[in-house]
Number of protein chains: 4
Amino acid sequence: MNAFIKNQIQQFQDNNQNRGRLLVSCPDQPGIVSTISKFLFSHNANIIESSQYSTNPEGGTFFIRIEFECPNLKEKASEMENQFGDIAKEFSMEWKLTHVYNMKKVAIFVSKELHCLLELIWEWQSGNLMADISMVISNHEEAREVVEPLNIPFYYIPANKDIREQVEEKQLELLKEHNIDLIILARYMQILTPKFVSANPNKIINIHHSFLPAFIGARPYERAYGRGVKLIGATSHYVTNDLDEGPIIEQDISRVDHRDNVDSLKKIGRSVERSVLARAVKWHLEDRILVHENKTIVF
Amino acid sequence: MNAFIKNQIQQFQDNNQNRGRLLVSCPDQPGIVSTISKFLFSHNANIIESSQYSTNPEGGTFFIRIEFECPNLKEKASEMENQFGDIAKEFSMEWKLTHVYNMKKVAIFVSKELHCLLELIWEWQSGNLMADISMVISNHEEAREVVEPLNIPFYYIPANKDIREQVEEKQLELLKEHNIDLIILARYMQILTPKFVSANPNKIINIHHSFLPAFIGARPYERAYGRGVKLIGATSHYVTNDLDEGPIIEQDISRVDHRDNVDSLKKIGRSVERSVLARAVKWHLEDRILVHENKTIVF
Amino acid sequence: MNAFIKNQIQQFQDNNQNRGRLLVSCPDQPGIVSTISKFLFSHNANIIESSQYSTNPEGGTFFIRIEFECPNLKEKASEMENQFGDIAKEFSMEWKLTHVYNMKKVAIFVSKELHCLLELIWEWQSGNLMADISMVISNHEEAREVVEPLNIPFYYIPANKDIREQVEEKQLELLKEHNIDLIILARYMQILTPKFVSANPNKIINIHHSFLPAFIGARPYERAYGRGVKLIGATSHYVTNDLDEGPIIEQDISRVDHRDNVDSLKKIGRSVERSVLARAVKWHLEDRILVHENKTIVF
Amino acid sequence: MNAFIKNQIQQFQDNNQNRGRLLVSCPDQPGIVSTISKFLFSHNANIIESSQYSTNPEGGTFFIRIEFECPNLKEKASEMENQFGDIAKEFSMEWKLTHVYNMKKVAIFVSKELHCLLELIWEWQSGNLMADISMVISNHEEAREVVEPLNIPFYYIPANKDIREQVEEKQLELLKEHNIDLIILARYMQILTPKFVSANPNKIINIHHSFLPAFIGARPYERAYGRGVKLIGATSHYVTNDLDEGPIIEQDISRVDHRDNVDSLKKIGRSVERSVLARAVKWHLEDRILVHENKTIVF
């Protein structure tokens, strides 16, 4: 890692020694916010940012994300987790308490086209995507010269549909070995097996190069050209075992016109893909995304 | 027609007594532009705006739209048409010469939801959509009180799928009687028969309340909600006999999020529908659209 | 008021009999959220939506907006107000408790150009701007025929800078008589006196036809044209006694190019003005805006 | 230069051996288009793209840009230039005939912040900005490690206001030596002297980090924060001797809100700066920009 990034990370961790995030989803009922805020107050935690949503105040599901500043969080984290466990049981909560200081470990999967990888690295270097980029895995060699000068480990694992299972075995081993929290498919053009996907629920973010659900599947730009659309889009979503049907995190579009052929659609599309993927990853790293019935709540 | 609109139209026609538009499509070959501009120059026509496009300079199709100012256009129009006929034959052109002074006659079809009709009327009153709105046809009574105070004839023709053919017969009669140039389906919720559509090729503009080809068919907002999209859209297109598959003229989108239910998607969507339809109609009225193989060229 | 709108309002009030909103700003310190949510819980109020912001968690100002559902709110409102007064004292809060059922009373000031008025009325009829439009005041007669058919009282009060004080006296009287909560300057082209402005702090919303602080003052489209900008904008803000310097609520832009002259800038600009003003008014009516040191927090 | 870029350039030049562009501005009068297209036809040039604009068809200024394909352009270019000179004289034209094969020579000036430089290089590597990047000049060392691995000459020339003239002398020498066609100020934070600017009319493109004419001069993000704007912008323009007053080429904005402090405004702004500058440079390289009375016409 070069000095510049090292410095960024140092600064980030210094600033976030006492910064925590609490994510909760549970059946809606009166008293949730009151109970949670009382809990945080009892630990001298100061709420910095809080967002909530209920699918239906009467009998729906309630979601909340709280970012807080708590003195000596490092020392108190496990005690807080224990205590909150009791509250969680009472309200039937699914929940997560994260310590921002501990950056998420990320693996980026990439193929030949590097624009999404480059954007992620660029935003990482700029301090917008604070993560521990633990590795880049590719079935091609193109990314090596981008990644290695930054001291990010690069694994070249050739892949095709005939050797899919062996390839994924190697990959899963690497992911496990490094305790990877998030897998980013930055235009990795291989299909994943149900086994691989099931092993990483809501932990794989993909960028699809169309405005889903338009142009599910292969060659979306060619098909967009054929249909004569006036806007092209990109969609970032969590990967499930239904192709391009996982929970959508972010989408955006760009205007095109009759002069654009498939090649220029691809060029224009790359900019959209870049920014849509970067935003989705940023939100995931900041624990802003909750998944509910194949949809995302983005706080 | 109230005094305000009368005045707008008067002014428009005064300003466009000598304004013409030439639209041409033909196999590409050298010399087209040179020949056309020589022709216009020989009639003392001054080119005001000119746009062109070729699908492929070698052996493709060439398209051009020229807006020009020509002294005494009214008197010379038919002579010019005759002369240009010879050029057209030589280059195998499809072409059209329009005199802007002669406003297009428009029929608006509408159902219960009036937002698209209201936008069209609003833009018409503002002088942005210069047309002769000859009639509004509806299978409901809601639009009457909007339309009649403006002295636009309103025809209430109840419709449903059992009486579709009789209904369309009446409609076609009215359209013929008034020499209608353009039919706008401003959220008219009835399906048209192939007979009706074939009688009006590239003359029916529809607004579909989704970002086509996503959510073709009925209830797009409900399905957009179900899929958890982060953007909703609207698409304006010429009607063909393949449902929602006609040449796209214009599309746009609006951002939504997890808090939006079907109702709020509809409300947000209405704004997009309004502006997308108004733009498409404007371009059609200004002779800016050429149709080529199920796509539009919008100059 | 016509039947359609009457029905909208009826429905809105039925839906919001128990809906309340609490807005608070105070010096930041731990325990605020906990205290407020405990208070609401003690009244069986269920939090529907909650947003908060702090200028600086250590020693800054804290803002919160809570929308809640509370059984029998009508009967309990004054008791809740009394009780909350004690909390407010303890934390040095500025605060407001509103009952959504009681729609805000609005006066719209307008001049000759009606596009902003028409947009407001359109959104009001659509159920997007729930308010009691108590009157429209104008120094011209143009708006009368739009307003009176809807049974909105229309006051024609000729104005110019020589009679400014008498005019405003009449206006203030009308405002007082009808307990007006919000004044919307929907392209009202008269300057207001400091006396009028001071009588209505953060209660006057203006739409300025430029992207402030560019083109402060008169004739912004002419000056935008002169400068050759590639985007034009509109700004909605609360009126203070510094011309066009009040707290900005919302801004938006539209793309233009070298072909646009002053007239087409104005036409394009009208669409932006319309939607920017409508959004700002909507947020005000929904108690989403807090003013802090010449800036707005929009929740 | 690495193999990838070498290959891109080779391909670009192969594709553009016979591609030319003609840019003309002159007093408007009938017959211009006819004469030009006859001229091109007589050289067997096939018009690929053509755009025109007139400030006023009666007595205004006329502008046209034609991109064409002409067999053996390399050999015929000087003959065509000679012939067109006669036409130009007749119509009092200012004009330029460029051969796309000959890429423009570009110098990029940069300071410590590298995001704009990185975007330009990224787009250059992607084949979107075809130019000969002849040098990068900086008053800091930060850019060296980005630039030198790509075999772009890097010149470190320390600068401050006391030694401005000596510094510019060195710079002008370098520019002259390499026949530089375009200077890009990619966040170069030094003010240029009138002498330097006059030596390079309409050849210096700057990126200003605000939506001009708002926040002319220094520290625009700080001032945008102070004013509480809801959108921040960036402006790319040709440099003249009036600070931030040169002809605007492109502008864009991004939405911000009350939660954004100066630091986050800067981060958000960087994305806008990047894309606005890249677009302006692309248009310049493609000879799409004509300057007229402190405004740009962008075809």
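Source: prediction; values computed, not measured.

(A) Structural view of the overall build of chain A. Along chain A, the regular secondary structure elements total nine helices and 13 strands. On C-alpha atoms alone, chain A measures out to a radius of gyration of 21 Å, which is about the 19 Å that the 2.2 N^0.38 rule sets for 299 residues. For chain A, the C-alpha atoms occupy an extent of roughly 60 × 45 × 35 Å along the three principal directions. Here chain A has roughly 12,700 Å² of accessible surface; of this, 47% comes from carbon and sulfur atoms.

(B) Examining the relation of the copies chain C and chain D more closely. The transform that puts chain C on chain D rotates by 180 degrees and translates by 0.0 Å along the axis, for an RMSD of 0.0 Å. Taken together, the rotation angle and the small translation identify this as a two-fold axis. Across chain C, the smallest distance between a C-alpha and the rotation axis is recorded for A214 of chain C, namely 2.2 Å. The fraction of interface residues of chain C whose copies in chain D are also interface residues reaches 100%, indicating that both copies meet through the same surface.

(C) Region of the structure containing the sheet that holds strand 5 (residues 105-110) of chain C. Residues and elements named next belong to chain C. Read from one edge to the other, the open sheet built from seven strands follows the order 7-6-5-8-9-10-11, with strand pairing classed as mixed. Either end of the sheet is taken by a strand with one partner, and the two such strands are strand 7 (154-156) and strand 11 (248-255). Ignoring which end each strand starts from, the neighbouring axes of this sheet average 15 degrees apart. Both strand 8 (residues 182-185) and strand 9 (residues 204-208) contribute to a ladder of three bridges, which runs parallel.

(D) Up close: the environment of E293 of chain A. Take E293 of chain A: it is sitting in the loop between strand 12 (289-292) and strand 13 (295-298). Between the C-alpha atoms of E293 of chain A and F109 of chain A, which are 184 residues apart in sequence, the distance is 26 Å.

(E) Structural context of the packing of aromatic side chains. Here the structure, examined in full by the defined rule, presents 22 aromatic pairs over all chains. Taken together through their ring pairs, the aromatic side chains of F39, F84 and W95 of chain A make up a single cluster. Of note, K295 of chain B hangs over the ring of Y225 of chain A, and the distance from its end group to the ring centre comes to 3.2 Å.

(F) Structural view of the interface of chain C and chain D. Each side of the interface is counted separately: chain C has 32 residues, and chain D has 32 residues. Here chain C and chain D share an interface that buries about 2,800 Å² over both sides, 55% of which is from carbon and sulfur atoms. When the area that chain C buries against chain D is broken down by residue, the three leading residues are R227, K230 and H258 of chain C, summing to 27%. The interface formed by chain C and chain D holds six salt bridges in total. With a shortest N-O distance of 3.0 Å, R255 of chain C and E250 of chain D are connected by a salt bridge. For the pair chain C and chain D, the number of links is 20 residue pairs in polar contact (both at pLDDT 80 or more). Counting residues per element, the ones that place at least two in the side of chain C that touches chain D are helix 8 (220-227), strand 11 and strand 13 (295-298) of chain C. For the side of chain C that touches chain D, the element with the most residues is strand 11 of chain C, which contributes seven residues.

(G) Expanded view of the UniProt feature "active site" (unreviewed entry) in chain A. Under the present numbering, the feature "active site" (unreviewed entry) in UniProt falls on D244 of chain A. Structurally, D244 of chain A is set in the loop between strand 10 (231-238) and strand 11 (248-255). We classify D244 of chain A as buried; its relative accessible area is 7%. When residues no more than four places from it in sequence are discounted, the contact partners of D244 of chain A are N206, H208, L212, I216, G217 and H237 of chain A together with R227 of chain B. A polar side-chain atom of D244 of chain A sits 2.8 Å from the main-chain amide nitrogen of G217 of chain A.

(H) Fine view of the relation of the copies chain B and chain A. With an RMSD of 0.0 Å, chain B superimposes on chain A once it is rotated by 180 degrees and translated 0.0 Å along the axis. Most of the interface of chain B is mirrored in chain A, where 100% of its interface residues are also at the interface.

So, how was this worked out
- Residues numbered from 1 in each chain as written.
- Chains lettered and ligands numbered in written order.
- Predicted model: local features only at pLDDT ≥ 70, side-chain atom pairs only at ≥ 80, totals over all residues.
- Heavy atoms only, no water.
- Helix = DSSP H or I, 4+ residues; strand = E, 2+ residues; numbered from the N terminus.
- Rg over C-alpha atoms; globule rule 2.2 N^0.38 Å.
- Areas by Shrake-Rupley, 256 points an atom, 1.4 Å probe, with all protein chains shown as cover.
- Least-squares fit on C-alpha atoms with pLDDT ≥ 70 in both.
- Contact = heavy atoms within 4.5 Å.
- Pairing = 2+ DSSP bridges.
- Axes fitted to C-alpha atoms, helices over the stretch in contact; angles between N-to-C directions.
- Phe/Tyr/Trp six-rings, centres within 6.5 Å; stacked < 30°, edge-to-face > 60°.
- Lys NZ or Arg CZ within 6 Å of the ring centre and 35° of its normal.
- Buried area = accessible area lost by both parts, 1.4 Å probe.
- Salt bridge = Lys/Arg side-chain N within 4 Å of Asp/Glu carboxyl O.
- Polar contact = N/O pair within 3.5 Å; in protein donor to acceptor, adjacent residues only side chain to side chain.
- UniProt positions renumbered as here; feature names shortened; annotations may be inferred.
- Buried < 20%, exposed > 50% of the residue type's maximum accessible area, 1.4 Å probe, protein only.

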